[in-house]
Each structure stands twice: as structure tokens, then as C-alpha cells.
Amino acid sequence: MNTITHFINGQEVDEQARYQDVYNPATGEITGRVALASKEKLEDAVAVAKAAFPAWRSTPPLKRAQIMFRFKQLLEDNAAEICNLLTAEHGKVTDDAMGELRRGIENVEYACGAPELLKGEHSRNTGPGIDSWSEFQPLGVVAGITPFNFPAMVPLWMYPMAIACGNTFILKPSERDPSAPMFIGKLLKEAGVPDGVFNIVNGDKECVDAILESPDIQAVSFVGSTPIAEYVYSKGNANGKRVQALGGAKNHAIIMPDADLDNVVDALMGAAYGSCGERCMAISVAVCVGDDVANQIVGDLKSRVSELRIGPGLENGQEMGPLITQQHYEKVAGLITNGVNEGAKLLVDGRDFSVAGHEKGYFLGGSLFDHVTPDMEIYKTEIFGPVLCVVRVDSLQTAMDMIDNHEYGNGTCIFTRDGGAARYFSDHINVGMVGVNVPLPVPAAYHSFGGWKRSLFGDLSAYGPDSVRFYTRRKTITQRWPSSGVREGTQFAFPS
Ligand code: NAD
């Protein structure tokens, strides 16, 4: 039995206590087990990371960046193996796994620029003979808690920059697909990160709570569902930690009557059904402005969704793999049944779908609903599966009001040829990441990623410039060197 343990102080360690099975979602078979850390095991990792901090924070940023350059190269060299691990435990098709890894590597590339990003600010003569500067110092031990849907990319949003900034790090990956983060984490040691600077502790709620309660962890980055994000944010804050907690989503695409509808259908197929809809930036609601647009979009989508190539992710030519677990399969199938009961029109039904030879895999076909309304559960809930809901409205403003009233505000997109409409939309919509004819507007690594409303708790977004601010704290130093022997007298007035 393949056991995925913990990686503490540069060594794999197992406390031989609690474990959870790991599955291949394409076959439903158990392929391994992952260790679930106790509070004590987490504290071991914290102690090691705390001990490693003084030397690491004093290591010149350029030396830290040079390790990141080597790490990037190792990720490129091992890309095929990493993608196999991603597909084996997550189920996503190989091309999609490669896309995920590529976007993760871009964050390592950005972290290679840490010496430039940490340069700080300097002012000469802020007063007579007085110079001031602000520098960005690392926080100490920081932790990252990550979701199942991007087991390579989301951890890479966090620790390359945290470490490049001089922090030491504890990663708690998703217990559902822990092999890729473990493999990648060990490459960091090979790249030259000293033992103790980067540690992986696998686990469940017990481990997360231990992270949130540990007095020596200064900051926590979380990505996952909104209820847990909110929990992590409030508990972490109550315990005095800096927390950024990215949550769930329900991303709408608005299709205007002047849009290039053939391209819209192509774009919607990838954005709604890619990765089986298990992306926080997936488009799950298509808002058609006018019945003519809706009729054409729905007609074209219906045949395309029915023809999706669905199968094991490692097989060539598949467009969509299985869902992550049997439990998630049942949740998504249940929501489809809800939608039918609530009166939405199910045009393509993905339930009762199976792949020959993989009958025990968690395969669900693509589903397409028309005439969805905002009061329905399938509209309100993040389904996180291959289900696209079409909503019909009569104007751009109605579409925007609907989006603004939704609990989530992660991503959105408008398809149009009208620059004025696009500008109005991107200017006014209450959503953090906006696409104009771009269905998945995931910011590049040198911008930052974050939603609005209940899609992000905290002030700073993930990766990019915000991550430099999140993983450091500002110190401002004001300095003068009086000539020796010259008395300058006492001043009781506030210095100005
Ligand atoms: P999840 O919330 O179930 O799990 C995320 C992490 O929290 C995991 O490491 C898990 O072990 C831990 N966790 C789970 N239950 C917990 C509990 N009760 N107490 C403490 N910790 C707990 O999320 P998931 O199912 O792994 O991932 C899918 C979700 O993540 C979706 O909602 C998706 O939208 C969201 N997501 C958001 C973003 C973003 O950037 N906003 C990116 C990716 C995924």
C-alpha cells in the first residue's frame, strides 16, 4: 500500500496513527492512503520551521531566488511525472494537468524576482540630515491550506513567494489528492531549500485546527470552499494571525446579442466542462441577453454537450475526466435532480452516464439546463461539476444586477463586440476578476488572484504583488547621524 506521509525537516515521517484512503477517481479503486496528522505532529513541524527561520531570513534574497530558479527547472524536468500524479488522484485530463502545472510554474518564475520585489522604499532628507526607508521583513512561520482541485498550482501560489520572502512554510494539502504536492515539495529540497524551511503536514480538520491554534504560526493562506474559508478566517483572526481565505464561486458569463456566438459556444464548452467543472473560475451560469441569443446558444450547446469525450484522463483525446469522489458525484447528481424538481429545463442529462470498463469510476456526463431562475438551488449553489445553467434576461443591466445579488463574486465574463458595454460592465460589476471575451480571466502570475464578496475573506489576494505584501511586514526606519560633539538641544514640539 502506497502511504503518503508527512515531510518534516527534509524527511518523510509517519506517526502511524490515523490514515484516509486515496482513490483513483477514474476506477473507484483505492490506490493509497494518506496520513492524517495529530496536533502533536503539526507542532513538530512548527518547531522545525521556527528553528529554521533565523538562518533563512538572513539568507540573501538573491540566494533564495537562485534556489527558486533551480526549483522551476526541476518542475519542468519532472512535468510528465507530476501530471501523471495529478491525473491519477484528481482525474483531470493530461492536457489540463499540464495547464495547471504551467500556471503553477509561472508563480515560481515570479518568485525568482523576489530581490527586486523586496527592495523597499527609500527617501533621502525626510528632515534635515534624516533619511527614511521602508523594508519588507518576513513574518516567520506561515502555513498554507489547499483544496483538491488544483493540487499542484494552488500550493505553488503560496510557498514559492512565501519562502523567497524569507519565511518558513508548512503546507497542508488536500487529503484527497496528496501525491502531487508531496512529489513537488521534495523537489524543493533537491533545489537547495534547507531542511525545515519547507514542510508538508497532511491531514484533515484536526490538522487545520492545530494550524489555526498554533501560537508560532504568523499567517495562514487558505483556498477552498466558502464555509471553511470563513471558518479559517475568523478562527485564524481570533488567534491573532494574518489570514487570507479564498472561497467558492458561481461565475456568470453574459452573452450580448452582438457577440460572436460560434466563438462563445466554443469558449463556454471549455469554461463550463473543462476539468469536469471543478474549477473555482469555471463558468457555471450563461446569462443570455434576449431570447434569440438564448435559443441559438442553447441549440448549439445541446449537441456539443451530448458529444463531450469523457473518460480516464490518461487516455488520449479525452475532454473531461471523472469527478473527484463518489460523495461529490452524488452531490452533483442530487443538485441536477433538484433543478428538474424546481422546474428548470434539463436539455442534456449527465446522470446515468458510465464509461465502458470504468463503471466504478465517478464519471458524470455533461448536463445543460435552460430557463434557470435566480430563486433555484442550482442557481444559488456552487455545483462544482459539469453542469451549465442558462438564464434568460432582457438587458445587460438585469444581468449585472443578478450577478451583483449573488453571494459569490469570484470571476465573470462578458461576450460582446460593444466596447462601451464591456467597459461599463468591467467598471461596475461587483466581481474581483473580469473577462471581456475571455471566459476564464485567471490573472497572470504577476497580477494577483482574488474574488469579491464571499469568494475572499481578507484584504490581500493570492499570488502576484499582493503575495509579497501578505508574506512580509513593513518596517520603516528613520535615521540620522549627528556630527559628534555638536549639541542639538531638546525639542518638545512634535517633530515636523
Ligand atoms: P474544502 O473547503 O472542502 O477543503 C479545502 C481545505 O480545507 C482542505 O485542505 C481540507 O482538508 C480543509 N478542510 C475541509 N473541511 C474542513 C473543516 N471542516 N475544517 C477545517 N478544514 C477543513 O474545498 P475542496 O472541496 O477541497 O475544494 C473545492 C472548493 O475550493 C470549491 O468551493 C472551490 O470553488 C474552491 N476553490 C477556490 C479557489 C479560489 O481561488 N477562490 C481556488 C480553488 C478552489
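Residues numbered from 1 in each chain as written. Predicted model: local features only at pLDDT ≥ 70, side-chain atom pairs only at ≥ 80, totals over all residues. Heavy atoms only, no water.

(A) Geometry of the overall build of the protein chain. The secondary structure content of the protein chain amounts to 16 helices and 23 strands. Relative to the globule expectation of 23 Å for 496 residues, the C-alpha radius of gyration of the protein chain, 25 Å, shows essentially globular dimensions. A total of 496 residues make up the protein chain; the buried ones form 56% of that total. Restricting to contacts in the protein chain with at least 6 residues of sequence separation, those with at least 24 account for 72%. Working note: accessible area of the protein chain is about 20,500 Å², and carbon and sulfur atoms make up 50% of it. On the protein chain, the mean spot of the 44 positive side-chain charges and the mean spot of the 60 negative ones are 9 Å from each other. (Helix = DSSP H or I, 4+ residues; strand = E, 2+ residues; numbered from the N terminus. Rg over C-alpha atoms; globule rule 2.2 N^0.38 Å. Buried < 20%, exposed > 50% of the residue type's maximum accessible area, 1.4 Å probe, protein only. Contact = heavy atoms within 4.5 Å. Areas by Shrake-Rupley, 256 points an atom, 1.4 Å probe, with all protein chains shown as cover. Lys, Arg positive; Asp, Glu negative; His and termini not counted. Charge placed at Lys NZ, Arg CZ, Asp CG, Glu CD.)

(B) Broad picture of the pairing of strand β7 (residues 130–138). Summarising burial for β7: seven of the nine residues are buried, a large majority. As defined by bridge partners, strand β6 (residues 121–127) adjoins β7 across four bridges and the pair is classed as antiparallel. Bridging from a neighbouring strand, Ser123 pairs with Ser132 of β7. Following β6, the chain reverses through two residues before pairing antiparallel with β7; Gly129 in that reversal takes a positive phi of roughly 70°. Bridge count for β7 against strand β23 (residues 472–480) is nine bridges, and the pairing is antiparallel. Within the sheet, the bridge partner assigned to Gln137 lies in β23 and is Arg473. (Pairing = 2+ DSSP bridges.)

(C) The domain arrangement of the protein chain, seen in detail. Domain assignment breaks the protein chain into domain 1 (2–247 + 455–477) and domain 2 (251–436). For domain 1 and domain 2, the distance between their C-alpha centroids amounts to 31 Å. Facing 21 residues of domain 1, the contacting portion of domain 2 comprises 25 residues. Summed over both partners, the interface of domain 1 with domain 2 buries about 1,900 Å², with 59% contributed by carbon and sulfur atoms. Sorting the residues of domain 1 by area buried against domain 2 places Ala26, Val93 and Ser455 first, and these three jointly supply 26% of that buried surface. Our count for the contact surface shared by domain 1 and domain 2 stands at one salt bridge. Among the ionic pairs, Arg279 bridges to Asp96, the shortest N-O distance being 2.8 Å. Run the count over domain 1 and domain 2 and you get seven residue pairs in polar contact (both at pLDDT 80 or more). Every element with two or more residues in the side of domain 1 that touches domain 2 is listed here: α3 (79–90) and α4 (94–111). It is α3 that provides the largest number of residues to the side of domain 1 that touches domain 2, a total of four residues. (Domains from an automatic or database assignment. Buried area = accessible area lost by both parts, 1.4 Å probe. Salt bridge = Lys/Arg side-chain N within 4 Å of Asp/Glu carboxyl O. Polar contact = N/O pair within 3.5 Å; in protein donor to acceptor, adjacent residues only side chain to side chain.)

(D) Geometry of α3. Across its 12 residues, α3 extends 16 Å between first and last C-alpha, which sits within 8% of the 16 Å expected from 1.5 Å per residue. For α3, every residue scored as buried is listed here: Ala79, Ile82, Cys83, Leu86, Thr87, Glu89 and His90. Looking at the buried side of α3, the elements it contacts are β1 (2–4), β4 (18–24), α2 (61–77), α4 and α7 (179–191). Just past α3, the residue Gly91 takes up positive phi, approximately 105°. (Expected span 1.5 Å × (residues − 1).)

(E) Highlighting the sheet that holds strand β5 (residues 29–36). Ordered by their spatial adjacency, three strands build an open sheet running β1-β5-β4, and the pairing between neighbours is mixed. Bordering the open sheet on either side are β1 and β4, each of which pairs with just one other strand. Neighbour-to-neighbour, the strand axes of this sheet turn through a mean angle of 35°, independent of strand direction. Relative to β5, β4 runs antiparallel, the two sharing seven bridges. In the sheet register, Gln20 faces β5, and the bridge partner there is Val34. (Axes fitted to C-alpha atoms, helices over the stretch in contact; angles between N-to-C directions.)

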